[in-house]
Amino acid sequence: MKKTLSYIFGLLVLAAAIVALFSYGNRQDAGPIPHVDESVSREEEKSSGSALRIVAAGDSLTAGYNLPLSDSYPKILERKLLESGKNVVVINAGISGETTAGLLERAEFISQQKPDLLLISTGGNDFFRNLPIESTRENIERSIEIFKQTIKAENIYLLKIEATANLGLKYRGEFNAIYKEIADKQKINLLPFVVSEVFLDSRKMLPDAIHPNRDGYEFIVDTYIFPEMSKKISR
């Protein structure tokens, strides 16, 4: 009996080690562990429950790769809206390394949170991995259809990113076109995000030339996102 128990215990230990090994490997593939927006719960506790909730879903461009959480675009947006007198909480739901398939996997969970406004930035990792454009399109559209089950289309914003010419002008043109095509088809809003005006200016980018720095996010929020959010909330 003791030998049997020891044998079973040994198998359990081995299984746990294997799970841990694969979990670590998958975590590496997914990129850096995403920021945990600890300020969300504190802000919600401070509010009377009437704060308008904005969820920013996306990848490292939303998470704020290699930056303090306070320098990510969701927190910059939240700060500017609060300073303008808006009672809001902006939740950073960015996961570094996530593809559009990853967004689709958690779309149901995001939808269940029933945010008042939803900002979606996705597709960059599909581009860098040279994934089929039609798969990217399908994943984004299916995610939006899930979001629309609990969020009005007029309250969903797709943030457009533009691909560089690394994979050829044809691929770049086809990739860049899907954002407007999806927004038109799904009848949701479209806003510029990390577009050529941003990534071609080294002053707005980290040294990797992929992710915006604080100045880049300040520009993006001031130029593209804050004006629309402020106008939307005022309606």
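Preceding this paragraph is the structure being described.
Conventions used here
- Residues numbered from 1 in each chain as written.
- Predicted model: local features only at pLDDT ≥ 70, side-chain atom pairs only at ≥ 80, totals over all residues.
- Heavy atoms only, no water.
- Helix = DSSP H or I, 4+ residues; strand = E, 2+ residues; numbered from the N terminus.
- Contact = heavy atoms within 4.5 Å.
- Areas by Shrake-Rupley, 256 points an atom, 1.4 Å probe, with all protein chains shown as cover.
- 1 Å grid on protein atoms, 1.4 Å probe; cavity = no way out; pocket = protein on both sides within 12 Å on 5 of 7 lines; lining within 4 Å.
- Points joined across faces, edges and corners; volume = space filled by probe spheres on them.
- Nonpolar A, V, L, I, M, F, W, Y, C, P; charged D, E, K, R; others polar.
- Core = buried A, V, L, I, M, F, W, Y, C linked by side-chain atoms within 4.5 Å.
- Buried < 20%, exposed > 50% of the residue type's maximum accessible area, 1.4 Å probe, protein only.
- Pairing = 2+ DSSP bridges.

Here the focus is the overall build of the protein chain. Assigned secondary structure in the protein chain consists of 10 helices and 5 strands. In the protein chain, of all internal contacts separated by at least 6 residues, the share reaching a separation of at least 24 is 78%. Entry remark: accessible area of the protein chain is about 12,200 Å², with carbon and sulfur atoms responsible for 57%.

Gaps left between atoms are located by rolling a probe of water-molecule size over the structure's atoms. Counted as a void, the largest pocket has a volume near 270 Å³. Lining the largest pocket are 18 residues, with Leu61, Phe127, Phe128, Glu162 and Ile210 positioned closest to its centre. Of all elements in the fold, only α3 (60-63) and α6 (124-128) reach the threshold of two or more residues within the lining of the largest pocket. With 4 residues, the top contributor of residues to the lining of the largest pocket is α6. Partitioning the lining of the largest pocket into residue classes produces 10 nonpolar, 6 polar and 2 charged.

This paragraph deals with the nonpolar core. Tyr73, Leu119, Phe147, Phe193, Ile225 and Met229 are the most contacted members of the largest nonpolar core, which totals 59 residues. Here this core gets 7 residues from one element, more than from any other, and that element is helix α10 (residues 214-234). The residues contacting Phe193, other than those within four sequence positions of it, are Leu61, Tyr73, Ser121, Leu159, Lys160, Ile161, Val198, Tyr217, Ile220, Tyr224 and Ile225.

A word on the pairing of strand β2 (residues 88-94). Counting buried residues in β2 gives 7 out of 7 residues, a clear majority hidden from the surface. Bridge count for strand β1 (residues 52-58) against β2 is 7 bridges, and the pairing is parallel. Bridging from a neighbouring strand, Ile54 pairs with Val90 of β2.

Keep in mind that these numbers describe shape and distance, not what the molecule does.
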